[in-house]
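What the coordinates show
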Amino acid sequence: MPVFAIPFPVIDPVALQLGPLSIKWYGLAYVAGLLGGWWYARKLAGAERLWGGRTRPDPDSLDDFLLFAALGVVIGGRLGFVLFYNLGDYLADPLEIFAVWKGGMSFHGGLVGAAAGLWVFARRRGYPPLSALDLGAVVAPIGLFLGRIANFVNGELWGRPAPDVPWAIVFPNGGPVPRHPSQLYEAFSEGLLLLVILMIVVKLGGLKRPGLAAGLFGMGYGIARTTCEFFREPDPQLGFLFGTGWVTMGMVLSVPLFLAGLVLVLRRRQGSAAA
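Structure report, in brief. Predicted model, so just to flag it, every value in this text is computed and none were measured.

What about helix α1 (residues 25–45)?
In this model α1 runs 29 Å from its N-terminal to its C-terminal C-alpha over 21 residues, within 8% of the 30 Å that 1.5 Å per residue would give. Buried residues along α1 sit against α2 (62–85), α5 (129–154) and α6 (182–203).

Concerning the pattern of salt bridges
Under the counting rule described, the total for this entry stands at 10 salt bridges. Across the salt bridge formed by D60 and R42, the nearest N and O atoms sit 3.8 Å from each other. A residue pair is termed long-range when its members are at least 10 positions apart, and D60 in the loop between α1 and α2 and R42 in helix α1 qualify at 18 residues. Across the salt bridge formed by R232 and E229, the nearest N and O atoms sit 3.8 Å from each other. For the pair formed by R232 and E229, the shared burial category is buried.

What to know about the packing of helix α4 (residues 107–125) against α5
Relative placement of two packed helices is described by the angle separating their axes and the distance separating the axes. For the pair α4 and α5, interaxial distance at closest approach is 9 Å and the crossing angle is 145 degrees. At the point where α4 passes α5, the crossing takes the right-handed sense. Two secondary-structure elements touch here, α4 through F107, A115, L118, W119, A122 and R123 and α5 through P129, A132, L133, G136 and L144. Broken down by class, the residue content of the contact of α4 with α5 amounts to 9 nonpolar, 1 polar and 1 charged.

Notes on the nonpolar core
Ranked by size, the top nonpolar core spans 36 residues in total, and within it L44, L135 and F217 carry the most contacts. A per-element tally of this core places α5 first, with 9 residues. When residues no more than four places from it in sequence are discounted, the contact partners of F217 are F107, L111, A137, A140, P141, L144, L194 and L198. Counting residues in hydrophobic clusters, the runner-up holds 8 residues, among them F81, V82, Y85 and M249.

Conventions adopted
What you see as residue numbers is a count from 1 along each chain, following the sequence as written. Local features are withheld for residues below a pLDDT of 70 in this predicted model, meaning they are given only at 70 or higher, and side-chain atom pairs are given and counted only at 80 or more; totals for whole chains, interfaces and linings count all residues. Excluded from the side-chain calculation are hydrogens and water; included are all heavy atoms of the structure. Helix and strand definitions follow DSSP, with helices as H or I runs of at least four residues and strands as E runs of at least two, each counted in order from the N terminus. By definition here, a helix of n residues has an expected span of 1.5 Å times n minus one. Residue contacts are counted whenever heavy atoms from the two residues lie within 4.5 Å of one another. When a carboxyl oxygen of Asp or Glu lies within 4 Å of a side-chain nitrogen of Lys or Arg, that pair is called a salt bridge. In this scheme, a residue with accessible area under 20% of its type's maximum is buried, one over 50% is exposed, and one in between is partly exposed, where area comes from a 1.4 Å probe on protein chains only. Between N-to-C directions, angles span 0 to 180 degrees; the directions come from axes that are lines fitted to C-alpha atoms, helices contributing only their stretch in contact. Two helices that cross are described as forming a left-handed crossing if the nearer one is turned anticlockwise from the farther one by less than a right angle, and a right-handed crossing if clockwise. By the convention adopted, Pro, Cys, Tyr, Trp, Phe, Met, Ile, Leu, Val and Ala count as nonpolar, Lys, Arg, Asp and Glu as charged, and the other residues, Gly among them, as polar. Buried residues of nine kinds, namely Ala, Val, Leu, Ile, Met, Phe, Trp, Tyr and Cys, make up a nonpolar core once their side-chain atoms join them within 4.5 Å.

And the structure:
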């Protein structure tokens, strides 16, 4: 083993075994992220001072908010993985698309699905869609943080080789080379740091300007994900794109997300976004 290497901590990816039923940390992370986001969203929706009198989702309606968001995350995340990361294999065996228990989710697809779900929720309930998206954006980093921690526990989505980095880790399925713990980089930047930034935005009155929080989330996630991709091993079935030796699918998918966020923020600065 190289001098600079930390052994991977022995953590069973199965949190609880009930006979034939296995409850994994990754699944618990999804559930905890959704429930944590729902709890935080209720607190925000109930704080009138944060909204400046603007119409926003009622706290009692957030059970439906959770349902639409969860369906969007699961459906969008799975379809995103199929379309962007492994389309050829799934076209050869379409029934595998429904085998979600085997893993395979795309954050970018899940985000699009969640946004669509919240848009439908807002329209059905008569709420301003941008305010619903703002609420979802502010709480989303909770799920991102927990999801990346679960990736680390599972020993998946590891980083690129880093034999000279003191905190590099030898992952069980990543070969003998010490690697960046890129899952933890993402947990910090896409999750914890983005959560704190959006909390500050909320405190400064960001929810009074519909679309601002959602736009800042899109920009912040796009920057954080692209930065972390420089330390993360590219997906083996795709590798680096366009023969560049550095561009990854995660970077490519983050560009439209950043641009969409930028458009929302600029519209708010110009005061032209609909309430």
